[in-house]
Every structure is written in structure tokens, then in C-alpha cells.
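Chain residues, written in single-letter form:
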Amino acid sequence: MKTEKETFKKERRACDLLAGAVLGALKDKDQFRRYIVAEKKGEGELREMILEKYDVKSMLDVLKLLEGLVELRKELDGNTGGEDEEAGGLVILPAAVQ
């Protein structure tokens, strides 16, 4: 029982650290405009360039990571899609009577 609890804490901490790293990266306004390019001269050194074009593939990778973190967090919290999620999320409110 103690090992399960320790494993759970480690998994939860790893999930939180990953989420924190993603949120930290998203604070960088140029995060999705940074590219690593190889120099054609010399020894083919790599350098970073910030371009106007956004790296949509990187955006999609981060989105997939976040989706995975949300699912992992739900699983760790024991919330794997109970009745609340099956309801659909649409709430119809009655019209206000004046």
C-alpha cells in the first residue's frame, strides 16, 4: 500500500512538473517562432533563429502533450469521465420573466 501511494505521488509530481514546464515555455512570446538551423559554412554548427512564421507542428505537439497531461491528471485523480462528462456540457437556462 505504501509503495502504491509513493508511486502515485511521484506520478502526480511528474505530471505537475510537465505542466509547469509547458506553462513556462508558453510565457515566451517567441516560443513557436524559434527555429534551429544548421550553418552551411564551417563545421555545420547549429544556431537559433526567430522567424516571422509560426511553427504549427510545435504548437500541435504542445497541444497533444497538454491533452495527455489532462487525461493523466484525470486518471490520477480518479476522474476518468463519470456522469458529469457524459451529460454533454450543454446547459439550457429558462428565459427570464419580466
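Everything here concerns the structure above.
In this text, all values refer to a predicted model and were calculated from it rather than measured experimentally.

Thresholds applied
- Within any chain, residue numbers begin from 1 and follow the written order of that chain's sequence.
- For this predicted model, a pLDDT threshold of at least 70 governs which residues receive local features, and a threshold of 80 or more governs which side-chain atom pairs are given and counted, while totals over whole chains, interfaces and linings are taken from all residues.
- As a convention, hydrogens and water are excluded, and side-chain values are obtained from all of the structure's heavy atoms.
- Helix and strand labels come from DSSP, where a helix needs a run of H or I of at least four residues and a strand needs a run of E of at least two; each type is numbered from the N terminus.
- Exposure classes here rest on a 1.4 Å probe applied to the protein chains alone. A residue is buried below 20% of its type maximum, exposed above 50%, and partly exposed in between.
- A contact between two residues is defined here by any heavy atoms of the two lying within 4.5 Å.
- A 1.4 Å probe and the Shrake-Rupley method give the accessible areas. Residues count as covered only by the protein chains that appear here.
- The patches described consist of residues with a relative accessible area above 30% and no salt bridge, like charges being joined within 9 Å and nonpolar side chains (Val, Leu, Ile, Met, Phe, Trp, Tyr) within 5 Å.
- Counted as salt bridges are all cases of a side-chain nitrogen of Lys or Arg within 4 Å of a carboxyl oxygen of Asp or Glu.
- In this tally, Asp and Glu contribute negative charge and Lys and Arg positive charge; neither His nor the terminal groups of the chain are included.
- The atoms used to mark charge sites are NZ of Lys, CZ of Arg, CG of Asp and CD of Glu.

Trainee: Help me out: how do you make sense of the overall build of the chain in this one?
Mentor: Scanning the chain from terminus to terminus reveals three helices and two strands. Written out in order from the N terminus, the α and β elements of the chain read α-β-β-α-α. Per-residue burial over the chain gives 9% buried out of 98 residues. Across the chain, the fraction of contacts at a sequence separation of at least 24, relative to all contacts at a separation of at least 6, is 33%. Approximately 8,800 Å² of the chain is accessible, and the part contributed by carbon and sulfur atoms is 57%.

Trainee: Looking at this structure, I do not really get the environment of Val 70. What am I missing?
Mentor: As for its position among the elements, Val 70 is in helix H2 (residues 56-77). Given the relative accessible area of 44%, Val 70 is considered partly exposed. With 51 residues separating them in the primary sequence, Val 70 and Ala 19 have C-alpha atoms 9.2 Å apart.

Trainee: Can you help me understand a negative patch on the surface in this one?
Mentor: The grouping of Glu 11, Glu 67, Glu 71 and Glu 75 at the surface amounts to a negative patch. Looking at which element gives the most residues to the negative patch, the answer is H2, with three residues. On the secondary structure map, Glu 67 appears in helix H2.

Trainee: Can you help me understand the side chain of Asp 55 in this one?
Mentor: Turning to its location among the elements, Asp 55 is positioned in the loop between strand S2 (46-50) and H2. Lys 53 provides the closest opposite charge to the buried, salt-bridge-free Asp 55, at an N-O distance of 6.0 Å. For Asp 55, the contacting residues outside a window of four places in its chain are Phe 32 and Tyr 35.

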